[in-house]
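Close look at the chain arrangement
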Amino acid sequence: MAKKALSPEERSEKRMMILTPIVAVLLALIIGAIIIACLGKNPFEGYAAMIQGSLGDGAKLSKTLERACPLIFTGLCAAFAYKCGVFNLGGEGQFIMGGCATATCVLGLGLEGPAGLALGLLAGIVAGAIWGLLPGIMKITRGLNEMITTIMLNYVAMYFMEYIFKNVYSDNGLPKTVAIPQSARLPEVLGTHVGVILAIVLGIFTWYVIFRTSFGFKIRAVGMNPIASKVNGFPVRRLVLLAFVLSGAIAGLGGAVELLGKTPYRLADGFGSGFGFDGVAIALIAQLNPIAAIFVAFFFGVLSTGGTMMQSVIGVPTAIVEIIRGLIIIFAVAGMAAVKLPKIKAYVAARLDARAKKAEVNA
């Protein structure tokens, strides 16, 4: 079936939506440079140090990819759920529960080798899916707001993890679990663990499912208009529940990969902290496109890894990086909302109409 051609207004809006995140990044970097200059430092030298610290050689690039890896998983988690019109803010809790299930499976059963690795990853997927299933059930049966329930479950997951690493699998009474056995860890490829490759492949596969399959069409249809989808015979409640389960499974897999692939290979205080809400921001900046989410997560990884080098070279606090990242989120979300405003749409339509009339006169 031939793809429907876009109208001039739709093409213009699409171009603006693509340009918005790019402009947001440039504006945030400019404001960041102004702040650095106000501190009496050279912003060009600072940004050069950031790039050098994150992409300067193979080892630094591997570190950046490892920092981006969990953000890819939580970004994909948010993007998949949002495509179905549900606001899963529980990516962090699902990520943490994936790590807890993996630790319980590997350490509790004393598994090692490929069996420990495979079952650990599977346990993370299942735990994340179950943790996503809970708010899904509450939404479709009781009509509870998923933003509230998923945030509440984040805290439950955090305190459950604290119980795990302080009491169940504590390393000689210390507030951290015993390290995952060497043989059950993710192998390394080109200086980084294979979880990075898994995250990228999953992002491409998620894009294919959403935009190239009938299941993905149904997910997007429910996200755009659940009433119309129901009238057309789509099982809306089942699709909503599946969106929660699958997005939770993605985040849970991310937690398993983080535990099995990244030093120190333990659960401890701070595991998964901030990844969930960063994933939401990444999904929004990427406009719910899974492949774009990979690139946005990588850019966030560059900021995170390079910020340390920038601090050591020009002597500015790493909080500058957090400011830049926050500004990117603000500008990107505000820009995408502005593009959808009726007045902006009317202005664009008027400009296109005037251009078309001018072309007719010249012809």
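This text gives an overview of the structure that appears in the document. Values in this document were obtained by computation on a predicted structure and should not be read as measured data.

1. Comments concerning the overall build of the protein chain
Within the protein chain, the secondary structure is distributed over 14 helices and 4 strands. The C-alpha radius of gyration of the protein chain comes to 22 Å, within 12% of the 21 Å expected for a compact globule of 363 residues. Along the longest, intermediate and shortest principal axes, the C-alpha atoms of the protein chain span 80 × 60 × 35 Å. Sorting the 363 residues of the protein chain into buried and exposed places 47% on the buried side.

2. Remarks on a nonpolar patch on the surface
On the surface, Ile-18, Leu-19, Ile-22, Val-23, Leu-26, Leu-27, Ile-30 and Ile-34 cluster together into a nonpolar patch covering about 730 Å² of accessible area. Among the secondary structure elements, Val-23 is positioned in helix H1 (residues 8-38).

3. Description of the layout of surface pockets
In this structure, the second largest pocket spans a volume of roughly 470 Å³. Lining the second largest pocket we find 31 residues, and of these Arg-67, Glu-258, Lys-262, Gly-270 and Phe-275 sit closest to its centre. Elements supplying a minimum of two residues to the lining of the second largest pocket: helix H3 (58-83), helix H10 (236-261), helix H11 (275-285), helix H12 (290-314) and helix H13 (319-339). Split into classes, the residues belonging to the lining of the second largest pocket amount to 13 nonpolar, 10 polar and 8 charged.

4. Section: the side chain of Thr-20
When you line up the elements, Thr-20 lands in helix H1. For Thr-20, a relative accessible area of 11% corresponds to the buried category. The residues touching Thr-20, leaving out its near neighbours within four places in the chain, are Phe-331, Ala-332, Gly-335, Met-336 and Val-339.

5. Some thoughts on helix H8 (residues 214-224)
When H8 is considered as a whole, its buried residues turn out to be Gly-216, Ile-219, Ala-221 and Val-222. Elements in contact with the buried residues of H8: H3, helix H7 (195-212), helix H9 (226-231) and H10.

6. Comments concerning the packing of aromatic side chains
All chains considered together, the criterion is met by 5 aromatic pairs. Feature note: the residues Phe-95, Phe-271 and Phe-275 constitute an aromatic cluster, connected by ring pairs. Geometry around Tyr-265 places Arg-185 over its ring, the cationic atom sitting 3.9 Å from the centre.

7. Things to note about the pairing of strand E2 (residues 174-177)
In this sheet, E2 lies alongside strand E1 (residues 170-171) in antiparallel orientation, the contact comprising 2 bridges. Paired with Asp-171 across the bridge in E2 is Leu-174. Taking the residues that link successive antiparallel strands as the turn, the E1-E2 hairpin has 2 residues, and the phi of Asn-172 there is positive, at about 55°.

8. Here we look at the packing of H12 against H13
Close contact between H12 and H13 brings their axes to 9 Å; oriented N to C, the two are set at 155°. Relative to H13, the element H12 lies roughly antiparallel. By crossing handedness, the relation of H12 to H13 is classed as right-handed. Within the contact between the two elements, H12 uses Phe-299, Phe-300, Leu-303, Ser-304, Gly-307 and Met-310 and H13 uses Ile-320, Val-321, Ile-324, Arg-325, Ile-328 and Ile-329. Grouping the amino acids of the contact of H12 with H13 by side-chain chemistry returns 9 nonpolar, 2 polar and 1 charged.

9. Remarks on unusual backbone geometry
If a residue is not glycine, its phi is most likely negative; likewise, a peptide bond is most likely trans. For the bond from Thr-263 to Pro-264, the omega torsion is 15°, close enough to zero to count as cis. Following the sequence through the fold, Pro-264 ends up in the loop between H10 and H11. Despite not being glycine, Tyr-265 shows a phi value in the positive range, around 60°. Considering the arrangement of structural elements, one finds Tyr-265 in the loop between H10 and H11. If you check the backbone angles, Leu-288 has positive phi at about 65° while not being a glycine. Within the secondary structure layout, Leu-288 lies in the loop between H11 and H12. The buried category is assigned to Leu-288, whose relative accessible area is 17%.

10. Looking at the environment of Asp-57
Assignment of secondary structure puts Asp-57 in the loop between helix H2 (43-55) and H3. Within polar-contact distance, the side chain of Asp-57 engages the backbone nitrogen of Lys-60 at 2.8 Å.

11. What to know about the pattern of salt bridges
Side chains bearing opposite charge may pair, as long as their charged atoms lie close to each other. Here the structure, examined in full by the defined rule, presents 6 salt bridges. Of the charged contacts in the structure, one is a salt bridge between Arg-266 and Asp-171, with a shortest N-O distance of 2.8 Å. Remark: Asp-171 occurs in strand E1 and Arg-266 occurs in the loop between H10 and H11; sequence separation between them is 95 residues. Judged by its relative accessible area of 21%, Arg-266 falls in the partly exposed class. Close ionic contact of Glu-258 with Lys-262 constitutes a salt bridge, the shortest N to O distance being 3.6 Å.

12. Considerations on H13
The terminal C-alpha atoms of H13 lie 30 Å apart, and with 21 residues this matches the ideal 30 Å at 1.5 Å per residue to within 8%. Of the residues making up H13, those classed as buried are Ile-320, Val-321, Ile-324, Arg-325, Leu-327, Ile-328, Ala-332, Gly-335, Met-336 and Val-339. For H13, the angular spread of buried residues about the axis comes to 160°, placing them on one side.

13. What to know about the environment of Ile-164
In this structure, Ile-164 sits in helix H6 (residues 146-168). Residue Ile-164 is classed as buried on the basis of its relative accessible area, which comes to 5%. Spatially, the C-alpha atom of Ile-164 lies 7.3 Å from that of Cys-100, the residues being 64 residues apart in sequence. Non-local contacts of Ile-164, meaning those with residues more than four positions away in its chain, are made with Thr-104, Tyr-169, Ser-170, Thr-177 and Leu-267.

What counts and how
- The numbering scheme is per chain: residues are counted from 1 as the chain's sequence reads.
- For this predicted model, a pLDDT threshold of at least 70 governs which residues receive local features, and a threshold of 80 or more governs which side-chain atom pairs are given and counted, while totals over whole chains, interfaces and linings are taken from all residues.
- The side-chain quantities take in all heavy atoms of the structure and omit both hydrogens and water.
- A run of DSSP states H or I qualifies as a helix once it reaches four residues; a run of E qualifies as a strand once it reaches two. Both are numbered from the N-terminal end.
- Using C-alpha atoms as the atom set, the radius of gyration is obtained and then compared with a globule rule of 2.2 Å times the number of residues to the power 0.38.
- When accessible area is computed with a 1.4 Å probe and restricted to protein chains, residues below 20% of their type maximum are described as buried, those above 50% as exposed, and intermediate ones as partly exposed.
- Patches draw on residues past 30% relative accessible area with no salt bridge. Two like charges within 9 Å are joined, as are two nonpolar side chains (Val, Leu, Ile, Met, Phe, Trp, Tyr) within 5 Å.
- Residue burial considers only the protein chains on display, and all accessible areas are found by Shrake-Rupley using a 1.4 Å probe.
- We define a salt bridge as a side-chain nitrogen of Lys or Arg found within 4 Å of a carboxyl oxygen belonging to Asp or Glu.
- Throughout, the protein atoms alone are placed on a 1 Å grid, and a set of points is a cavity if a 1.4 Å probe fits but cannot get out or a pocket if it is open with protein on both sides within 12 Å along at least five of seven lines; lining residues have an atom within 4 Å of a point.
- Grid points are joined across faces, edges and corners, and a volume is the space filled by probe spheres set on the points.
- Polar here means any residue other than Ala, Val, Leu, Ile, Met, Phe, Trp, Tyr, Cys and Pro, which are nonpolar, and Asp, Glu, Lys and Arg, which are charged; Gly is therefore polar.
- By definition, residues are in contact when any of their heavy atoms lie within 4.5 Å.
- Pairing of aromatic rings covers Phe, Tyr and Trp, the last through its six-membered ring, and needs centres within 6.5 Å; plane angles under 30 degrees mean stacked, over 60 mean edge-to-face, and all others mean tilted.
- Our definition puts a charge over a ring when NZ of Lys or CZ of Arg is within 6 Å of the ring centre and also within 35 degrees of the ring normal.
- Two strands pair if DSSP finds at least two bridges between them.
- As a rule, the C-alpha atoms of each element are fitted with a line to give its axis, helices using only the stretch in contact, and angles between N-to-C directions run from 0 to 180 degrees.
- The labels follow the angle: roughly parallel below 35 degrees, roughly antiparallel above 145, roughly perpendicular from 65 to 115, and oblique for the rest.
- Crossing handedness follows the turn of the near helix against the far one: under a right angle anticlockwise gives a left-handed crossing, and clockwise gives a right-handed one.
- Whenever a nitrogen or oxygen atom comes within 3.5 Å of another N or O atom, the pair is scored as a polar contact, on the condition that within protein one atom can donate a hydrogen and the other can accept it, and that pairs from neighbouring residues in sequence are kept only if both atoms are in side chains.
- How far a helix is expected to stretch is found by multiplying one less than its residue total by 1.5 Å.
- Each C-beta atom gives one direction from the helix axis, and the arc is the one those directions make.

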